[in-house]
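Single-letter residue listing:
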Amino acid sequence: MEQYVPSGMGGTVNVVPPAIDPLAPKNMALSPDDAAYVCKQFGVDVDRPLMVQVSRFDPWKDPLGVIDAYRMAKEEVPEVQLALVGSMASDDPEGWDFYNATIAHAGGDPDIHILNNFNNVGSIEVNAFQSQADVVIQKSTREGFGLTVAEALWKGRPFIGGNVGGIPLQVKQGISGYLVDSVEECAARTVDVLRDPALGKALGKRGKEHVRRHFLTPRYLRDYLRIFGALLGVGPAAAAASDGAAAAARPTPTATPDPTT
Ligand code: UDP
């Protein structure tokens, strides 16, 4: 992200956000039947609405806040369920403590499904839960890029996420999802989407298109071309990247096709 670039680096930094591979098992197209089949294996009632968060069990991912938001949403939409899907590192004792705290917070609610990679939850299962979700949540209070956000949007699901880190880069408020700052907002937006499937569908469609344009791996090719073009003094980025003496030292570019198109 631009804001992490230290001062004094003028003109020499290229910002290249991450991207997801649309053909990898985690992101390839799964049929609704296949997604439902996988989720059923984990006890989800696929005929009732489902909120999903896929994340490590970490305080900054705020799974406890997600449970609170689910509880508030459930007052309005009693049939809603929640799946918290998170991978665990066997050498991370704090992760296990937080995992146990999350289970305790769920208080034995049979509509809360807490799954981890030791329950055979791998890429296909993550894909299935993201594909099956009526709402995907990423209620982080701090976040890097947030690969799970691109993954959820790519599946065309309505998305609600914390307004932090790389999440706003991926989600335009009210257009391709919702950005929230509190449990209450998260719950209210969830209820909006669950009550209005057409709204959810429209958000999901725009979210998917945004990911298609900006956060799929072929975009790396455009980034490389842009960077090499700027270094060679050719292409559309050259004008933006060139400054004073550096530009003067380069040969004048001749007519060059636009590598980004
Ligand atoms: N992930 C997974 N299984 C899980 C939980 C997470 O495969 O049970 C993956 C998730 O799909 C994503 C990555 O782990 O690809 C997490 O990346 P992200 O940038 O969202 O968060 P980080 O964990 O790096 O803070």
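Our subject is the structure listed above.
Definitions and limits used
- Residues numbered from 1 in each chain as written.
- Predicted model: local features only at pLDDT ≥ 70, side-chain atom pairs only at ≥ 80, totals over all residues.
- Heavy atoms only, no water.
- Axes fitted to C-alpha atoms, helices over the stretch in contact; angles between N-to-C directions.
- Helix = DSSP H or I, 4+ residues; strand = E, 2+ residues; numbered from the N terminus.
- Parallel < 35°, antiparallel > 145°, perpendicular 65-115°, else oblique.
- Left-handed = near helix turned anticlockwise from the far one by under 90°.
- Contact = heavy atoms within 4.5 Å.
- Nonpolar A, V, L, I, M, F, W, Y, C, P; charged D, E, K, R; others polar.
- Phe/Tyr/Trp six-rings, centres within 6.5 Å; stacked < 30°, edge-to-face > 60°.
- Lys NZ or Arg CZ within 6 Å of the ring centre and 35° of its normal.
- Disulfide = S-S within 2.5 Å.
- Buried < 20%, exposed > 50% of the residue type's maximum accessible area, 1.4 Å probe, protein only.
- 1 Å grid on protein atoms, 1.4 Å probe; cavity = no way out; pocket = protein on both sides within 12 Å on 5 of 7 lines; lining within 4 Å.
- Points joined across faces, edges and corners; volume = space filled by probe spheres on them.
- Core = buried A, V, L, I, M, F, W, Y, C linked by side-chain atoms within 4.5 Å.

**Student:** Is there a simple way to think about the packing of helix H1 (residues 32–41) against helix H4 (residues 123–132) in this case?
**Tutor:** Their axes nearest at 8 Å, the elements H1 and H4 cross at an angle of 110°. What the angle tells us is that H1 and H4 run roughly perpendicular. With respect to the hand of their crossing, H1 and H4 are arranged in left-handed fashion. Note on element contacts: H4 touches H1 through Glu125, Ala128, Phe129, Ser131 and Gln132, opposite Pro32, Ala35, Ala36, Val38 and Cys39. Classifying every residue of the contact of H1 with H4 gives seven nonpolar, two polar and one charged.

**Student:** Hey, could you run me through the packing of aromatic side chains in this one?
**Tutor:** Any two aromatic rings considered together are summarised by their centre-to-centre distance and by the angle between their planes. Applying the stated criterion across every chain yields a total of six aromatic pairs. Aromatic side chains Tyr224 and Phe228 sit 5.7 Å apart centroid to centroid with 25° between the ring planes, which places their arrangement in the stacked category. One end of the pair, Tyr224, and the other, Phe228, are both in helix H9 (residues 218–232), four residues apart, so they sit about a helical turn from each other. Among the aromatic residues, ring-to-ring pairing joins Phe57, Trp96, Tyr99 and Phe118 into one connected group. Between the NZ or CZ atom of Arg142 and the centre of the ring of Trp60, over which it lies, the distance is 4.3 Å. Taking the ring centre of Trp154 as reference, the NZ or CZ of Lys208 above it sits at 4.6 Å.

**Student:** Would you explain the state of the cysteines in this entry?
**Tutor:** Two cysteines, two sulfur atoms, one covalent bond between them: this is a disulfide. If you walk through the whole model with that rule in mind, you get zero disulfides. Unpaired in this structure, Cys39 has its nearest cysteine sulfur neighbour in Cys186, at a distance of 19 Å. Accessibility expressed as a relative area gives 1% for Cys186, which makes it buried.

**Student:** Which parts of the structure should I look at to understand empty space enclosed by the protein?
**Tutor:** To find leftover empty space, one rolls a probe the size of a water molecule over the atoms. Summed over the entire model, instances satisfying the criterion amount to one cavity of 30 Å³ or more. Taken as a whole, the largest cavity encloses approximately 30 Å³ of empty space. In terms of lining residues, the largest cavity is bounded by Gln53, Val54, Ser55, Arg56, Phe57, Pro63, Leu84 and Val85. At the level of elements, strand S1 (50–54) and strand S2 (81–86) are the ones that each hand at least two residues to the lining of the largest cavity. When grouped by side-chain class, the residues that make up the lining of the largest cavity number five nonpolar, two polar and one charged.

**Student:** How do you make sense of the nonpolar core when you look at a structure like this?
**Tutor:** Note that soluble globular proteins tend to have their nonpolar side chains buried in a common cluster. In terms of nonpolar packing, the biggest core is built from 33 residues, with Val52, Val85, Phe129, Phe159, Val171 and Val211 touching the most fellow members. Going through the elements one at a time, H1, S1, S2, H4 and helix H5 (147–154) are the ones with two or more residues in this core. Ranked by residue count, the leading element in this core is H5, at five residues. Beyond its immediate chain neighbours, meaning those up to four positions away, Phe129 contacts Cys39, Phe42, Val44, Leu50, Val52, Ala83, Val85 and Leu115.

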